[in-house]
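What the coordinates show
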Amino acid sequence: MIRTLSEDKEKAFFEQHSKIVHGALKKLNVNWKHADYDDFVQQGLLKLVEAYETFPEDLEQEEFLYQFTGFAYTKVRWHMLDLLRKQKRKWDCEMPWPEELESNQPDTQLPFEQAYQEMDLLKEMLPLLTKNEQAYLLDAVVNQLSVTEIAEKQGVSRKTVYQWKKRVSEKLNHFLLVLKN
């Protein structure tokens, strides 16, 4: 049975059941200080409405209200777990912005504005790459190391560095159009 949450019942529904979302987040150790807390709450409320729409029993009957609470809590909690896993996977694949770049001042040979534009472009490129590809790009572009130096620094073969170089060029090919303009 699929039901829809009407506007006249919406306020009462959220007043009664929004605590399910906050309880699920609390159980997963996501508190209000978390950077994405509000986003998680919104996602949880959406999943709560989905649980309402897909609950197989009639919610007008008092006896099914308790069952709905458990059903909704499980749906919301599993969804939050999925979101947290996706976020962790994304963070694991991204390399943090290197501290040495934070303190780097732009080259005095380049105009001030151009140097910062290049740094912004680099910040856009890094999230598209794996950790190894990010390390290659930083070593090749920022530190201006040769393939041999990068291989020694990363503890890999030159062939591996060439593979990284190929993958970086494939992934960042669309930036070539931006740079030409």
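Look up: the structure comes first, before these words.
Reading guide: rules and limits
- Residues numbered from 1 in each chain as written.
- Predicted model: local features only at pLDDT ≥ 70, side-chain atom pairs only at ≥ 80, totals over all residues.
- Heavy atoms only, no water.
- Helix = DSSP H or I, 4+ residues; strand = E, 2+ residues; numbered from the N terminus.
- Buried < 20%, exposed > 50% of the residue type's maximum accessible area, 1.4 Å probe, protein only.
- Contact = heavy atoms within 4.5 Å.
- Phe/Tyr/Trp six-rings, centres within 6.5 Å; stacked < 30°, edge-to-face > 60°.
- Axes fitted to C-alpha atoms, helices over the stretch in contact; angles between N-to-C directions.
- Parallel < 35°, antiparallel > 145°, perpendicular 65-115°, else oblique.
- Left-handed = near helix turned anticlockwise from the far one by under 90°.
- Expected span 1.5 Å × (residues − 1).
- Salt bridge = Lys/Arg side-chain N within 4 Å of Asp/Glu carboxyl O.

1. Details of the overall build of the chain
Within the chain, the secondary structure is distributed over nine helices and zero strands. N-terminal to C-terminal, the α/β element order of the chain is α-α-α-α-α-α-α-α-α. Split into buried and exposed, the 181 residues of the chain put 30% on the buried side. Long-range contacts, defined here as pairs at least 24 residues apart, represent 63% of the contacts in the chain between residues at least 6 apart.

2. Concerning the environment of Glu-50
In this structure, Glu-50 sits in helix H2 (residues 37–54). Each C-alpha atom of the pair Glu-50 and Arg-3 lies 9.5 Å from the other, and the pair is 47 residues apart in sequence.

3. Quick notes on the packing of aromatic side chains
We describe a pair of aromatic rings using the distance from one ring centre to the other and the angle between the two ring planes. If you walk through the whole model with that rule in mind, you get five aromatic pairs. Between the aromatic rings of Phe-13 and Phe-68, the centroid separation amounts to 6.2 Å while the plane-to-plane angle is 55°, which identifies the pairing as tilted. Of this pair, Phe-13 sits in helix H1 (residues 7–27) while Phe-68 sits in helix H3 (residues 65–93), and the two are 55 residues apart along the sequence. A relative accessible area of 6% places Phe-13 in the buried class.

4. Here's the deal with the packing of helix H6 (residues 131–142) against helix H7 (residues 147–154)
Remark: H6 packs on H7, axes separated minimally by 10 Å, with the N-to-C direction vectors making an angle of 135°. Taken together, the axes of H6 and H7 are oblique relative to one another. Of the two possible hands of crossing, H6 and H7 adopt the one that is right-handed. Touching Ala-135, Tyr-136, Asp-139 and Ala-140 of H6 are Ile-150, Lys-153 and Gln-154, all from H7.

5. Observations concerning the side chain of His-17
With respect to the helices, strands and loops of the structure, His-17 is situated in helix H1. The contacts of His-17, once residues within four sequence positions are left out, are Leu-48, Leu-65 and Phe-68.

6. Things to note about H6
The end-to-end C-alpha distance of H6, which contains 12 residues, comes to 16 Å, matching closely the 16 Å that a straight helix rising 1.5 Å per residue would cover. Where H6 ends, the next residue or the one after it, Gln-144, has phi of about 50°, a positive value.

7. Side note on the pattern of salt bridges
If you walk through the whole model with that rule in mind, you get six salt bridges. With a shortest N-O distance of 3.2 Å, Glu-50 and Lys-47 are connected by a salt bridge. Here Glu-50 and its partner Lys-47 are both found in helix H2, three residues apart, which amounts to about one turn of the helix. Lys-47 sits in the buried class, given a relative accessible area of 16%. For Arg-85, the salt bridge goes to Asp-82, with nearest N and O atoms at 3.5 Å. Of the two residues, Arg-85 and Asp-82 both sit in helix H3, three residues apart, roughly one turn of that helix. Note on Arg-85: relative accessible area 47%, which makes it partly exposed.

None of the figures reported here should be taken as evidence of function without further support.
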